[in-house]
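Descriptive analysis of the structure
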Amino acid sequence: MKKSDVVSHVASSASLSKAESAAAVDAVSQAIQDCLVKGEPVVITGFGAFSTTSRPARRGRNPRTGESIDIAASTAPSFKAGKTLRDAVR
C-alpha cells in the first residue's frame, strides 16, 4: 500500500475529500517525525510506539575490498507494534 492508497482509504472511511485526508496523513507523519527529531517517543495506544535508538560507533569491513572502515555513531527510528495490531495481523 502506497501513500496514495492510504489517503484514499482515509478519505472513504472518514468521509473526507482526498485533499483533506492527504493533509491529515501528512500532518500525522510530520508530527511523528518532529517528535522523533526531538528524541521524544510517540505512542499510539493499540497501534504501536515510535522511538529512536542510538547505534554506537563501530568498526566494519568493506565487503568488496575487505578493508576495515569506521562506521560513525548514529540515531535510527524504530517502531514496536502494539498488542492490538499484533493480534490483528496474526
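First, a word on what this report is: a plain description of the structure on this page. (Residues numbered from 1 in each chain as written. Predicted model: local features only at pLDDT ≥ 70, side-chain atom pairs only at ≥ 80, totals over all residues. Heavy atoms only, no water.)

So, about the sheet that holds strand S5 (residues 74-81). Across the sheet, three strands lie side by side as S1-S2-S5; this open sheet has antiparallel pairing. The open sheet has two edge strands with one neighbour each: strand S1 (42-44) and S5. Taking each pair of neighbouring strands and ignoring which way they run, the sheet shows an average axis angle of 25°. Direction of pairing for strand S2 (residues 48-55) relative to S5: antiparallel, over a ladder of eight bridges. (Pairing = 2+ DSSP bridges. Helix = DSSP H or I, 4+ residues; strand = E, 2+ residues; numbered from the N terminus. Axes fitted to C-alpha atoms, helices over the stretch in contact; angles between N-to-C directions.)

Per the counting criterion, the structure on display carries two aromatic pairs. Centroid distance Phe50 to Phe79: 4.8 Å. Interplanar angle 50°. Geometry classified as tilted. Note that Phe50 is positioned in strand S2 and Phe79 in strand S5, a separation of 29 residues in sequence. The class of Phe79 is partly exposed, set by a relative accessible area of 38%. Connected via pairs of aromatic rings, a cluster forms that spans Phe47, Phe50 and Phe79. (Phe/Tyr/Trp six-rings, centres within 6.5 Å; stacked < 30°, edge-to-face > 60°. Buried < 20%, exposed > 50% of the residue type's maximum accessible area, 1.4 Å probe, protein only.)

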